[in-house]
Amino acid sequence: MTYQGRFRVWRGDDAGGALEDFTVEVNEGEVVLDIIHRLQATQAPDLAVRWNCKAGKCGSCSAEINGRPRLLCMTRMSIFEESETITVTPMRTFPIIRDLVTDVSFNYTKAREVPSFAPPADLAPGEYRMQQVDVERSQEFRKCIECFLCQNTCHVVRDHEENKEAFAGPRFLMRVAELEMHPLDTADRVDQAQDEHGLGYCNITKCCSEVCPEHIHITDNALIPMKERVADRKYDPIVWLGNKLFKRS
Amino acid sequence: MARAEIAARTLRTDRWWLPPLTTFAGLLLISIYAAFRTFQGDYYWVDQYHYLTPMYSPCLTEECVPAASHFGQWFPALPGFLTPPVIIIPFLLGFRITCYYYRKAYYRAAWASPPACAVAEPHNKYTGETRFPLIAQNLHRYFFYAASVLLLINIYDAVLAFGTGLGLGNIILLVNVGLLGAYTLSCHSCRHIAGGRLKHFSKHPVRYWAWTQISKLNNRHMQLAWASLIFVCLTDLYVALVASGTISDLRFID
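Definitions and cut-offs
- Residues take numbers from 1 onward in each chain, read along the sequence in its written order.
- Lettering for chains starts from A, numbering for ligands starts from 1, and both go in the order in which the items are written.
- Given that the model is predicted, a residue must reach a pLDDT of at least 70 before its local features are reported, and side-chain atom pairs must reach 80 or more before they are shown or counted; all residues, however, enter totals for whole chains, interfaces and linings.
- Excluded from the side-chain calculations are hydrogens and water; all other atoms, namely the structure's heavy atoms, are used.
- Boundaries between domains were set according to an automatic or database domain assignment.
- Pairs of residues are marked as contacts when any of their non-hydrogen atoms sit within 4.5 Å.
- Every case where a carboxyl oxygen of Asp or Glu lies within 4 Å of a side-chain nitrogen of Lys or Arg is listed as a salt bridge.
- Here a polar contact is recorded for every N or O atom pair within 3.5 Å, except that within protein the pair must consist of a potential hydrogen donor and a potential acceptor, and residues adjacent in sequence are included only if both atoms are side-chain atoms.
- We count a stretch as a helix when DSSP gives it H or I for four or more residues in a row; a strand needs E for two or more, and each element gets its number in order from the N terminus.
- Three residue categories are used. Nonpolar comprises Ala, Val, Leu, Ile, Met, Phe, Trp, Tyr, Cys and Pro, charged comprises Asp, Glu, Lys and Arg, and polar comprises the others, including Gly.
- Three exposure classes are used, based on accessible area relative to the maximum for each residue type with a 1.4 Å probe and protein chains only: buried under 20%, partly exposed in between, and exposed over 50%.
- What the arc describes is the spread of directions from the helix axis to the C-beta atoms.
- Nonpolar cores were defined as sets of buried Ala, Val, Leu, Ile, Met, Phe, Trp, Tyr and Cys residues, with membership established by side-chain atoms within 4.5 Å.
- Strand pairing follows a simple DSSP-based rule, namely that at least 2 bridges must link the two strands.
- UniProt positions are given in the numbering used here, feature names are shortened, and annotations may be inferred rather than shown by experiment.
- Here an axis means a line fitted to C-alpha atoms, over the contact stretch when the element is a helix, while the angle between two N-to-C directions is reported on a 0 to 180 degree scale.
- Here the word oblique covers every angle except those under 35 degrees (roughly parallel), over 145 (roughly antiparallel) and from 65 to 115 (roughly perpendicular).

On to the domain arrangement of chain A. Residues and elements named next belong to chain A. Assigned domains within chain A: domain 1 (3-102) and domain 2 (105-245). Of the residues lining the interface, 15 residues belong to domain 1; the matching set on domain 2 comes to 18 residues. In this assembly, domain 1 and domain 2 are joined by 2 salt bridges. Between Lys57 and Glu214 there is a salt bridge, with the nearest N and O atoms lying 2.6 Å from each other. The interface formed by domain 1 and domain 2 contains 7 residue pairs in polar contact (both at pLDDT 80 or more). Counting only elements with at least two residues in the side of domain 1 that touches domain 2, the list comes to β3 (62-65) and β4 (68-71). No other element matches the 4 residues that β4 contributes to the side of domain 1 that touches domain 2. Taken together, the residues that form the side of domain 1 that touches domain 2 break down as 6 nonpolar, 4 polar and 5 charged.

Our focus in this paragraph is helix α2 (residues 105-112) of chain A. Those residues of α2(A) that fall on the buried side of the exposure criterion are Phe106(A), Asn107(A) and Lys110(A). Seen along its axis, α2(A) keeps its buried residues to an arc of 95°; they face one direction.

For the rest of this paragraph, the subject is unusual backbone geometry. Cis geometry is found at the peptide bond from Ser113(B) to Pro114(B), where omega equals -5°. Residue Pro133(B) is bonded to the preceding Phe132(B) through a cis peptide linkage, with omega at 5°. Positionally, Pro133(B) belongs in the loop between α3 (100-109) and α4 (140-160). In this structure, Glu146(A) is a non-glycine residue whose phi angle is positive, near 55°. Topologically, Glu146(A) is positioned in the loop between α3 (132-141) and α4 (149-153). Owing to a relative accessible area of 31%, Glu146(A) belongs among the partly exposed residues under this scheme.

Looking at soluble globular proteins, one finds that nonpolar side chains tend to be buried together. Val9(A), Leu72(A) and Met77(A) are the most contacted members of the largest nonpolar core, which has 67 residues in total. Once you skip the residues sitting within four places of it in the chain, Met77(A) turns out to touch Tyr3(A), Phe7(A), Val26(A), Glu30(A), Val31(A), Val32(A), Ile35(A) and Ile86(A). In terms of nonpolar packing, the next biggest core, distinct from the first, is built from 32 residues, Leu52(B), Tyr56(B), Cys64(B) and Ala194(B) among them.

On to the pairing of β4(A), then. All names here are of chain A. A one-sided burial pattern is seen for β4, the buried positions being Pro69 and Leu71 and the unburied ones Arg68 and Arg70. Pairing analysis gives 4 bridges linking β3 to β4, with the strands arranged antiparallel. Along β4, the bridge assignment pairs Ser62 with Leu71. Hairpin geometry of β3 and β4 is characterised by an intervening segment of 2 residues between the two adjacent antiparallel strands and by a positive phi of about 50° at Asn66.

The next thing to look at is the UniProt feature "transmembrane region" (unreviewed entry) in chain B. Residues and elements named next belong to chain B. As annotated in UniProt, the feature "transmembrane region" (unreviewed entry) corresponds to residues 16-36, 81-102, 142-162, 168-187 and 224-247 in the numbering used here. A distance of 29 Å separates the end C-alpha atoms of residues 81-102, which is 55% helix and 0% strand. Along residues 142-162, the helical share is 90% and the strand share 0%, with 31 Å between the first and last C-alpha atoms.

All names here are of chain B. Between α4 and helix α6 (residues 188-196), whose axes approach to 9 Å, the crossing angle comes to 90°. Taken together, the axes of α4 and α6 are roughly perpendicular relative to one another. Residues His140, Arg141, Phe144 and Tyr145 of α4 lie in contact with α6, whose contacting residues are Ser189, Cys190, His192 and Ile193. The residue inventory of the contact of α4 with α6, partitioned by class, reads 4 nonpolar, 3 polar and 1 charged.

The structure is reproduced here in C-alpha cells:
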C-alpha cells in the first residue's frame, strides 16, 4: 500500500544545520533507506547519506531514526504508523561532515590502539590448531559489522566528548575481549583493557547491546567478562595469593 | 569539526521514561518494605511450624527467639533501634547493589546515567567505575561468596521447617530458596568463576559444562533478580502474617 509519509531530515554541516520537513511516497516493503533515496531522487538531490550494501552487512548507513540509533537499511517502514512524522538525523557522537554523514575516524584511531593478534612465537601461520569450544566465544564478536552504533549510543562518549581520549568504546573493548579469549593469543590484554582502553568507564547500562544490529551480547559476553578478568587481576587478593602460592602466571 | 547541531536532549518518540520510572518505583517500594520489616524486629518466626523469614536468617543476636537461632547467638543484644537483620543485611544488600543487572537498573533509574539509550544524561562530568566509590563495584564476587553462604542457610531453614509437617508456608519457603538459588547461580561473577575465566574450555570439560549451564541461567539474570527480590518480600510477608496471627497457615499434612 502506498501513502505519503511525513519526514524530518537533518540537513547541514559543521557550520550549522536544522531539521527540514519533507513529504515522500512510501511503498509496501520499503525501508527508511529507500525513502532517503527517493528523497534524493525527487526533492533533495544534494542530500548526503553514506550507504553501500542495503543488507545490514556493511555497517555504512548508521543514523538515528526517531532518536534511536539504527541502520537505515534495516529499519522497515512498516514499524511506523502512517500518520507518524519520522525524524532522521546523523549519529550524534561523531563530528558531522554533511547531512546524514559523519566522520567516524575516532573509531579507526581506537582500532589502531588495540595491539593485534599475537600467536605463540613458535607457531607459523598454517599451523594454528584450536578446538571449536575454545574459539566460539571470540567468534560471536567477529559478527561485528563495524556500524559503530554501539560507539554512537554509549553515553560515556556520547554525553561526554572529553572521555573520547581515555575510552575505547564498546566495539573496541569487545575487540580486546575477542583477543583475550582467543585460545592462541599470548598478549596480556587485561591490564591494557583497564588502564589504556578505559574499561572502568563502562557502567554496563547495556545500550551497546540494545542497538547492536547483529544482536551481539556485547555487555554480557565481552564487557562484563573483561571486568571480571580485571577484578581477578587487580581487585581479588585471593586470586593474587593463589597465583603467588602456586606460581601461576 | 563539530557535531551536528541538534539541541533536543533526545528525539526519541517512544515512552523511554517508562522503564526507568517503573524500576525506580519498584526498587523504592521494596526498599521501604525491607527497611520497615528490618527495623520492626518482630513476627519473623512461626514457632508452631518453624517458619523463619529469610530476612532474619541467620538470627545471630541474643534478642532472637532462641528457637529461631539455628546457628547459635554469636552476638549480644543490639542497642537502640538495631535489630538482628542488620548483621546480615549488608551482605545481602551488597550482593544486590554490586550485581551487574542492578547496576544497570539503578544507574539508569536513580542516577539517570543515562536514563535511557540515546537520551542525554544530566551530569556534566562522568568517570564511571574508574574511581572511588564506584570502583568498589569490583568487589561483587565477595558479596557473591557471602550471599552463597546465606543461601545455604536459607535452604537449611526451609528443609528444617518440613519437620513439622507440610503447609503453604513450606512451599513458599521452598520456592523462595529456588528463586534465590537461581538468581545467585545466574550471577555474572559465578559464571566467570565457574569457567568464564578459562582460556581453553577444551582442557576443562566439567567447568565448561558448568559455564554453559550458568550461561543459560545468566540470560535470565534480570528476570531472576526481580522474581527473587519480590518473592523474598512475599515470603517475609507470609511469615509475618502467620507469626502475628493475622492469617493461619494452610496445612496439608500435620
